[in-house]
Amino acid sequence: MPSGSNLQSKDQFLCSICLDVFTDPVTTACGHNFCKTCITQHWDGNVPYKCPLCNEYFASRPQLRVNTLFSEMIDQLRREASSSSSSEEQVAKKGEVPCDVCTGPKLKALKSCMVCLASYCQTHLEPHLTAPRLKKHQLMEPVENLEDRMCLQHDKPLELFCRTDQTCVCLLCPILNHKDHEFVPLREESKENKAELRNMEAEVHEMIQERRLTIQEIRESVKISKDAADREKAEGVQVFTALMESAERGLKELLKEIQDKQEATEKQAEDFIRDLEQEISELKKRSSEVKQLSQSEDHLHLLQSFSSLKAAPPTKTWTEVRVHPLSYEGTVVRSVAQVEQEIREKKLQKLTEAELKRVQRFAVDVTLDPDTAQPWLILSGDGKQVNHGDVRKNLPDNPERFSLCPCVLGQQSFSSGRFYFEVQVKGKTKWDLGVARESVTRKGNITLSPQNGFWTVVLRNGNKYKVFADPSVHLHLHPGPEKVGVFVDYEEGLVSFYDVDAAALIYSFTGCRFTQKLYPYFSPCNNHGGTNSAPLLICPVEQVDHCTDKDDAE
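Every value quoted in this text rests on a predicted model; they were computed, and no experiment measured them.

Peer 1: Would you take a moment to explain the overall build of the protein for this structure?
Peer 2: The helix and strand inventory of the protein stands at nine helices and 24 strands. Looking at the 554 residues of the protein, the share that counts as buried comes to 34%. Long-range pairs, those at least 24 residues apart, make up 58% of the contacts in the protein between residues at least 6 apart in sequence. Only carbon and sulfur atoms are counted for the fraction: they give 52% of the accessible area of the protein, which is about 34900 Å².

In structure tokens:
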């Protein structure tokens, strides 16, 4: 910052019109100095002509003369000020308020004047710090758009806040335009707003954290999904590689079998042909001997030889000998069937085992809902097993309860994601298992079908398994399952049933469209005099890690 002596010397070179350091200083006839532009514009709007300082009148417009001494001294003063401030003042950066007076690079403003409606750097602020008339101006921290801080009606600074109209006003507004309104200083209202802003900032920060957590969860889900996809790919490659190996091995065996049969046929034909050719040779020889003897005139020789020729052994009868073309009908079918059997017993078994392990990761804890149980049913205290009793209990007929059919739903509902549970059916001759949507009919007779909101597999007469699909499907399960796993993928529209002990897929409903909550569905069916008295038992899923994602029960 310039020293006090510099400031004092600089005051001597201030134009009394613009209150800034002279620019192109000129001298009037009365001896006073002004900026050439300032005095010219002043006289352009004032006739008669007079000095702005001493008010001396001039008969005609005076000739202005350049004050060369002042010009040289001002140039030197500017150079000193520029050199002094260059190390202290900085060019305004983005987001900083620039000086409105600087003609070269805009320096950073130190203050803004609410009277001049301009912002000043350190150099151009000096008149407001030294000139008596300018010291009375209202200075504030530098801000942009100073016009927006002035009252449009009264051309005064906005210093109050009208709480009635929720707007900023000047000191004249309460008198002229906002009578009987509630006013507070801008600082007080700003303080309250700052407290509200801090609360808002905390809320926004919390929202940001929630969204970051959601992003993290989404990324984790994607990672889990990718890991699962990689595992599925690896399992798929392994299984299909084994399938191709089985198919290639079956093809080789099929080709070898056909080739062996063809080679055996060719060998048999070659043996027949060799024997035939040998007999043909012998017959030709005999024919020659017969012909020669028949032409002989030696009667004694003919009679002696005739008996030996006549006694020659007869040739083999070939009329029944045939080489039948081989029929390969059924060979390919049998070979394919053998490969299919191998795949079914080995490869697909491994595939189903892997699939069962995968769905078991989505195991959930299911308990029976006593409010839905038909009155003849007996539920265990822990809600894990149900069987049909001999006595109808006196229970309230609430809307959720099945009235006629021996059914009960799980307490847990599912409206998204995937879930899995297992039920022991050992010792039973009749049962129903699956899932049901929330709005199924619960009074009177019910029909188990997807159209009516039931996706189930049932057992009847001890060995007849059936799926009530469209149309119904009879299943051939020998032996039948003792423990059944039920898996649902809500978004995929999939309901699958597994024989847990055999790690085999029983049946899958695919392409389902779920729009309501789904509940696990159980029916132990009537006990039939004790032949079907064994309970349905909800079992814990063993030897798997339970899934802990968002697809759990509500």
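Peer 1: Would you explain the environment of Thr515 in this entry?
Peer 2: In this fold, Thr515 is placed in the loop between strand E22 (504-509) and strand E23 (518-523). With 25 residues separating them along the chain, Thr515 and Tyr490 place their C-alpha atoms 9.1 Å apart.

Peer 1: Hey, could you run me through the sheet that holds E23 in this one?
Peer 2: Two orientations exist for strands paired in a sheet by backbone hydrogen bonds: parallel and antiparallel. Taking strand neighbours across the sheet as the criterion, the six strands line up as E14-E23-E16-E17-E18-E19 in an open arrangement whose pairing is antiparallel. Here the strands that pair on one side only, and so sit at the sheet edges, are strand E14 (408-409) and strand E19 (473-475). Of the strand pairs in this sheet, strand E16 (residues 431-437) and strand E17 (residues 454-460) are connected by six bridges, and their pairing is antiparallel. By the bridge assignment, Asp432 is partnered in E17 with Val458.

Peer 1: I would appreciate a short explanation of the packing of aromatic side chains in the present structure.
Peer 2: For any pair of aromatic rings, the description rests on two quantities: the centre-to-centre distance and the angle between the ring planes. Applying the stated rule across the entire model yields 11 aromatic pairs. On the numbers, 3.7 Å between centres and 10 degrees between planes, the contact of Phe414 with Phe419 is stacked. With respect to burial, Phe414 and Phe419 carry one shared label: buried. Residues Trp455 and Phe514 carry aromatic rings whose centres are separated by 5.1 Å and whose planes lie at 85 degrees to one another, so their mutual orientation is edge-to-face. Separated by 59 residues along the polypeptide, Trp455 in strand E17 and Phe514 in the loop between E22 and E23 bring together distant segments of the chain.

Peer 1: Is there a simple way to explain unusual backbone geometry in this structure?
Peer 2: Excluding glycine, residues mostly have negative phi values, and the peptide bonds linking residues are mostly trans. With an omega dihedral of -5 degrees, the bond running from His478 to Pro479 counts as a cis peptide bond. Considering the arrangement of structural elements, one finds Pro479 in the loop between E19 and strand E20 (483-489). The phi dihedral of Asp24 is positive, around 50 degrees, even though this residue is not glycine. Relative to the helices and strands, Asp24 is located in the loop between helix H1 (4-11) and strand E1 (25-27). On the accessibility criterion, Asp24 (53% relative accessible area) is exposed.

Peer 1: Sorry if this is basic, but what is going on with the pairing of E16 here?
Peer 2: One face of the sheet, then the other: side chains in a regular strand alternate in exactly this way. Where burial is concerned, most of E16 is hidden: six out of the seven residues are buried. Relative to E23, E16 is paired through six bridges, and the arrangement is antiparallel. When the sheet's bridge partners are listed, Ala436 is paired in E23 with Tyr519.

Peer 1: Would you mind showing me how to read the confidence of the model for the protein here?
Peer 2: Low pLDDT means the predicted atomic positions in that stretch should not be read closely. Here the protein shows a mean pLDDT of 83. Residues at 70 or above account for 88%. Within the protein, E23 carries the highest mean pLDDT (97), whereas H1 carries the lowest (50). Under a pLDDT of 50 for its full length, residues 1-8 has, in the predicted model, nine contacts with residues more than four places off or in other chains. Below pLDDT 50 for its whole length, residues 544-554 participates in 23 contacts with residues either more than four positions away or in separate chains.

Peer 1: Sorry, what's going on with the state of the cysteines here?
Peer 2: Cysteine pairs can be linked by a disulfide, which is a covalent bond between their two sulfur atoms. Here the structure, examined in full by the defined rule, presents zero disulfides. A disulfide-free cysteine, Cys121 has its sulfur positioned 3.7 Å from the sulfur of Cys102, the nearest such atom. Note on Cys121: relative accessible area 0%, which makes it buried. The thiol sulfur of Cys525 is not disulfide-bonded, and the nearest other cysteine sulfur, from Cys407, lies at 7.8 Å.

Peer 1: What is the right way to read the pattern of salt bridges from this model?
Peer 2: Oppositely charged side chains may form a pair once their charged atoms are brought near each other. Tallying each qualifying case throughout the model produces 17 salt bridges. Measuring nitrogen to oxygen at the nearest pair gives 2.8 Å for the salt bridge that ties Arg358 to Glu355. Taken as a pair, Arg358 and Glu355 lie in helix H9 (residues 331-360) at a separation of three residues, close to a single helical turn. Lys443 serves as the salt-bridge partner of Asp397, at 2.6 Å between the closest nitrogen and oxygen. Within this pair, whereas Asp397 is found in the loop between strand E13 (385-388) and E14, its partner Lys443 is found in the loop between E16 and E17, the two being separated by 46 residues in sequence. When salt bridges with common partners are traced through the structure, they connect Arg163, Glu182, Glu188, Glu189 and Glu192 into a single cluster.

Peer 1: Just to check I follow, could you spell out the nonpolar core for this structure?
Peer 2: A general tendency of soluble globular proteins is for nonpolar side chains to be buried together. Within the largest apolar cluster, 38 residues are counted, with the highest numbers of intra-cluster contacts made by Trp431, Phe509 and Phe522. Excluding its chain neighbours within four sequence positions, the residues that come into contact with Phe522 are Val366, Leu368, Pro406, Cys407, Val408, Gly410, Phe421, Val423, Asp432, Leu433, Leu536 and Ile538.

Peer 1: Before we go on, may I ask you to explain the environment of Glu232 in this structure?
Peer 2: Tracing the sequence through the fold places Glu232 in helix H7 (residues 186-294). Between the C-alpha atom of Glu232 and that of Arg358, which follows or precedes it by 126 residues, the distance is 9.5 Å.

So, how was this worked out
- Residues numbered from 1 in each chain as written.
- Predicted model: local features only at pLDDT ≥ 70, side-chain atom pairs only at ≥ 80, totals over all residues.
- Heavy atoms only, no water.
- Helix = DSSP H or I, 4+ residues; strand = E, 2+ residues; numbered from the N terminus.
- Buried < 20%, exposed > 50% of the residue type's maximum accessible area, 1.4 Å probe, protein only.
- Contact = heavy atoms within 4.5 Å.
- Areas by Shrake-Rupley, 256 points an atom, 1.4 Å probe, with all protein chains shown as cover.
- Pairing = 2+ DSSP bridges.
- Phe/Tyr/Trp six-rings, centres within 6.5 Å; stacked < 30°, edge-to-face > 60°.
- pLDDT = per-residue confidence, 0-100.
- Disulfide = S-S within 2.5 Å.
- Salt bridge = Lys/Arg side-chain N within 4 Å of Asp/Glu carboxyl O.
- Core = buried A, V, L, I, M, F, W, Y, C linked by side-chain atoms within 4.5 Å.

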